[in-house]
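Structural overview
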Amino acid sequence: MAVSKDWWRGAVIYQIYPRSYKDTNGDGVGDIPGITEKLPYIASLDVDAVWISPIMKSPMKDFGYDVSDYCDIDPLFGTLDDFREMLDKAHSLGLKIITDFIYSHTSDQHPWFQESRRSRNNAKADWYVWADPQEDGTPPNNWVSVFGGSSWQYDSWRGQYYFHNFLKEQPDLNFHNREVQDAILAATKFWLDLGVDGFRLDAINFAVHDRQLRNNPKRPIVPGTFSTQLDFADPYSMQWHKYDKSQPEMIPFLKRVRSLLEQYPGTMALGEIGDDDQVGRAIEYSGPGMLHTCYNFSLVGMKTRDVRAFRDAIEAFEYKSNEAWPSWAFSNHDVTRAVSRWAGQFSTDPAVAKMLPALLTSLRGSAFIYQGEELGLPDTVVSYHDIQDPWGRYLYPKWQGRDGCRTPMPWNSTQKHLGFSDGEQKPWLPVNESYAALAPDMQEADPKSTLNFVKAFLKWRKGEEAMVRGTIRFIETGSDNVLGFTRTEGNKTFTCLFNLTPEQDNVPLPKGAGNGPVFVWEGQTGTTDGKTVQLPAFGFFIS
């Protein structure tokens, strides 16, 4: 069967956080056989691919984002044979598999780092970013970690500091060293040879630092413009990150990545971008001969329902690039779930839960749906004693960290641990018992449920090329509450209106729009008298 080289354009990709998806061996942690078991469910959503968060061998200081072996599965999740079985099952169901790959840093337990730290003249001495203390013993410069404190950790073995953008247990690789690039590409090839369809490259713009280790300039603190998803100022937001990441030497390496992927037709690379200029960097890194597409945090962390802010975030990409293909998400494993951001922390408002995936997958670009979004799951409040996220423990009680979006998936409303695990071992994060009403067994039996809505909408969308790959053009709706745009491919155009507020709104029927909706869902779809469109709270109208 011929492989579509650009299957990812307009694809809907379902993200799995494996620790929390399905536990089959009763140890309280999700695993690869659990993913395999649930692949038919995922296929029933009419998504195109699955992105699996880290499953490589790791001490789990940052739950897999600290890799100690790039070419093996962590025993917590299973074996390479389990992975092969999952891959074969996914492909038999028509699903692509992309895996998380962490280029920028490893675990401090990785053999590369263990060798690098032993001396200043061993074979891997220059595989990580090492620097001497300043004359007063302080770190080499003012760079700070995303997770708080200095980005430099002193190591007594070498008598030097090493650089880490995240936890001190996650030392940054030195991508100025060609041998490091070669080793990373060899590990990438290992997974391509296994048959994966692509990679999500974690924090890819963090991989290259300034050789001169120049200080970052200070940045004024402006509420609502913090460098992280926090609601309050943190040291990381007090700098312009000019030198600790996003250096020009990244470009030739990305071309090497693309050259490797071209040897495996139908594979792709998605870059995660966290930058002062998120959109500009995403466009730059997905330019000709580099990554296929990149997503940034413009919408992932958006807390406002302001139409102008939403439109600005998307148009910033559209206006700056005619060639780069965008990718969008509202939720992932690092941020508060979208339903909670839009409708309130404890809300399970089904109108919001339905509108969000419809809006996301109506935008031009590839769309990423985080596990549980199809159910409308809200965030979970986690007590201090149950917090696992090191960032959350560091900032509690100001912030509970990222655990609220990572609690176990519910599968059955009446089973133990809501079907996530049937073992005696306590799940690694608490099961949110309020999820019982949103479990698939409950929603599949309700024709009006969020789950059935998502299935119906994605099935309809997949058959409309204009909604999958068409151009996008924003239109004025005459309302500050209603986002309007068209999607066009060839001679077919859809007009899309989305009410982003909890109040009903009426807007003029846009010129060229049809006189009736092409996708209808009771209580969610707007109606028209031929002159105006009546939109229910968090409703939409596509004609």
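This is a predicted model, so every value here is computed, not measured.

1. Let's talk about the side chain of Glu318
The topology assignment puts Glu318 in helix α7 (residues 307–320). Here Arg364 takes part through its side chain, which lies 3.0 Å from a polar atom of the side chain of Glu318.

2. Section: helix α5 (residues 250–261)
Taking 1.5 Å per residue, 12 residues should reach 16 Å; α5 reaches 17 Å between its end C-alpha atoms and fits that length. Of all the residues in α5, the buried ones are Met250, Ile251, Phe253, Leu254, Val257, Arg258, Leu260 and Leu261. Residues of α5 that are buried make contact with α4 (178–194), β9 (198–201), β10 (268–272) and α6 (278–285).

3. Comments concerning the environment of Asp132
Structurally, the position occupied by Asp132 is in the loop between β6 (130–131) and β7 (152–155). Residue Asp132 is classed as partly exposed on the basis of its relative accessible area, which comes to 42%. Spatially, the C-alpha atom of Asp132 lies 57 Å from that of Gln415, the residues being 283 residues apart in sequence. For Asp132, the residues in contact, after removing those within four places along its chain, are Arg120, Pro140 and Gln160. Here the side chain of Asp132 touches Arg120 through a polar contact of 3.2 Å, side chain to side chain.

4. Quick look at the pairing of β9
Because side chains alternate across β9, one face comprises the buried residues Gly198 and Arg200, and the other comprises Phe199 and Leu201, equally buried. Bridge analysis of strand β5 (residues 96–101) against β9 gives 4 bridges, and the strand direction is parallel. When the bridges of β9 are listed, Phe101 appears paired with Leu201. Inspection of the sheet shows β9 paired to β10 by 4 bridges, in the parallel sense. Within the sheet, the bridge partner assigned to Phe199 lies in β10 and is Ala269.

5. Concerning the sheet that holds strand β8 (residues 160–163)
The antiparallel open sheet is built from 3 strands, whose spatial order is β6-β8-β7. A single partner strand is all that each edge strand has here, and the edge strands are β6 and β7. Summarising the sheet, β6 and β8 pair through 2 bridges and their orientation is antiparallel. Bridging from a neighbouring strand, Ala131 pairs with Tyr161 of β8.

6. Structural notes on the pattern of salt bridges
For the coordinates displayed, the defined rule picks out 39 salt bridges. As a salt-bridge pair, Arg117 and Asp155 come within 2.5 Å of each other at their nearest N and O atoms. Taken as a pair, Arg117 in the loop between α3 (111–116) and β6 and Asp155 in strand β7 lie far apart in primary sequence, 38 residues in all. For the pair formed by Arg117 and Asp155, the shared burial category is buried. Close ionic contact of Lys455 with Glu444 constitutes a salt bridge, the shortest N to O distance being 3.9 Å. One end of the pair, Lys455, is in helix α12 (residues 450–462); the other, Glu444, is in helix α11 (residues 440–444), with 11 residues separating them in the sequence.

7. Regarding the packing of helix α9 (residues 350–360) against α12
For the pair α9 and α12, interaxial distance at closest approach is 10 Å and the crossing angle is 20°. Considering the angle they form, α9 stands roughly parallel to α12. Crossing handedness for the pair α9 and α12: right-handed. Along its contact with α9, which presents Pro350, Ala353, Lys354, Pro357 and Ala358, the element α12 presents Thr450, Phe453, Val454 and Phe457. In terms of residue class, the contact of α9 with α12 is built from 7 nonpolar, 1 polar and 1 charged.

8. A few points about the nonpolar core
Here is a general trend for soluble globular proteins: nonpolar side chains tend to be buried in one another's company. One finds Tyr14, Ile42, Phe83, Trp191, Phe310, Leu359 and Phe498 to be the most contacted residues of the largest nonpolar core, which totals 131 residues. When near neighbours in sequence (up to four residues on either side) are disregarded, Phe310 contacts Leu299, Met302, Phe330, Trp342, Leu359, Leu363 and Leu483. In this structure, Ala49, Trp51, Leu270 and Ala329 belong to the second largest nonpolar core, which totals 15 residues.

9. Points about the packing of α4 against α5
It is the contact of α4 with α5, at a shortest axis distance of 11 Å, that shows an interaxial angle of 30°. Our classification of the angle between α4 and α5 gives roughly parallel. Helix-helix and strand crossings are classified by hand; for α4 and α5 the assignment is right-handed. Facing Arg178, Gln181, Asp182, Ile184, Leu185, Thr188, Lys189 and Leu192 of α4, the residues of α5 in contact are Phe253, Arg256, Val257, Leu260 and Leu261. Within the contact of α4 with α5, the residues separate by chemical class into 7 nonpolar, 2 polar and 4 charged.

10. Focus on unusual backbone geometry
The omega torsion across Tyr396 and Pro397 is 10°, close enough to zero to call that bond cis. Secondary-structure assignment places Pro397 in the loop between α10 (390–395) and α11. With a phi angle near 65°, Asp46 is a residue other than glycine that sits in the positive phi range. Within the element layout of this structure, Asp46 appears in the loop between α1 (32–44) and β2 (49–52).

11. Quick notes on the sheet that holds strand β14 (residues 471–475)
Strands in a sheet are paired, the pairing made by backbone hydrogen bonds, and the direction either parallel or antiparallel. The 4 strands lie next to each other as β14-β15-β16-β20, forming an open sheet whose pairing is antiparallel. For this open sheet the edge positions go to β14 and β20 (540–542), each flanked by a neighbour on one side alone. Neighbour-to-neighbour, the strand axes of this sheet turn through a mean angle of 20°, independent of strand direction. Bridge analysis of strand β16 (residues 492–499) against β20 gives 3 bridges, and the strand direction is antiparallel. Residue pairing across strands places Leu497 opposite Phe541, the latter belonging to β20. Relative to β14, α7 is tilted by about 145°, and along the sheet it contacts β14 and β15 (482–489). Docked against the sheet, α9 engages β15, β16 and β20, running at close to 145° with respect to β16.

12. Description of the pairing of β14
In terms of strand pairing, β14 meets β15 through 5 bridges, oriented antiparallel. The residue bridging Ile475 from the neighbouring strand is Gly484, located in β15. Taken together, β14 and the strand that follows it, β15, pair antiparallel across an intervening segment of 6 residues, in which Gly478 is found at a positive phi of about 80°.

13. As for the packing of aromatic side chains
We describe a pair of aromatic rings using the distance from one ring centre to the other and the angle between the two ring planes. A full pass over the atoms with the stated rule returns 48 aromatic pairs. Residues Phe113 and Tyr162 carry aromatic rings whose centres are separated by 5.0 Å and whose planes lie at 70° to one another, so their mutual orientation is edge-to-face. Here the residue Phe113 occupies a position in helix α3, and Tyr162 occupies one in strand β8, the gap between them amounting to 49 residues. Assigned by exposure class, Phe113 and Tyr162 land together as buried. Ring geometry for Phe453 against Phe457: centres 5.9 Å apart, planes inclined by 25°, an arrangement best described as stacked. With Phe453 and Phe457 both in helix α12 and 4 residues apart, this pair spans about one turn of that helix. Judged on exposure class, the residue Phe453 and its partner Phe457 are both buried. By way of ring pairs, the aromatic residues Phe453, Phe457, Trp460, Phe474, Phe485, Phe494, Phe498, Phe519, Trp521 and Phe540 are connected into one cluster. Over the ring of Trp127 we find Lys124, and its NZ or CZ is 4.7 Å from the ring centre.

Definitions and cut-offs
- Residues numbered from 1 in each chain as written.
- Predicted model: local features only at pLDDT ≥ 70, side-chain atom pairs only at ≥ 80, totals over all residues.
- Heavy atoms only, no water.
- Helix = DSSP H or I, 4+ residues; strand = E, 2+ residues; numbered from the N terminus.
- Polar contact = N/O pair within 3.5 Å; in protein donor to acceptor, adjacent residues only side chain to side chain.
- Expected span 1.5 Å × (residues − 1).
- Buried < 20%, exposed > 50% of the residue type's maximum accessible area, 1.4 Å probe, protein only.
- Contact = heavy atoms within 4.5 Å.
- Pairing = 2+ DSSP bridges.
- Salt bridge = Lys/Arg side-chain N within 4 Å of Asp/Glu carboxyl O.
- Axes fitted to C-alpha atoms, helices over the stretch in contact; angles between N-to-C directions.
- Parallel < 35°, antiparallel > 145°, perpendicular 65-115°, else oblique.
- Left-handed = near helix turned anticlockwise from the far one by under 90°.
- Nonpolar A, V, L, I, M, F, W, Y, C, P; charged D, E, K, R; others polar.
- Core = buried A, V, L, I, M, F, W, Y, C linked by side-chain atoms within 4.5 Å.
- Phe/Tyr/Trp six-rings, centres within 6.5 Å; stacked < 30°, edge-to-face > 60°.
- Lys NZ or Arg CZ within 6 Å of the ring centre and 35° of its normal.

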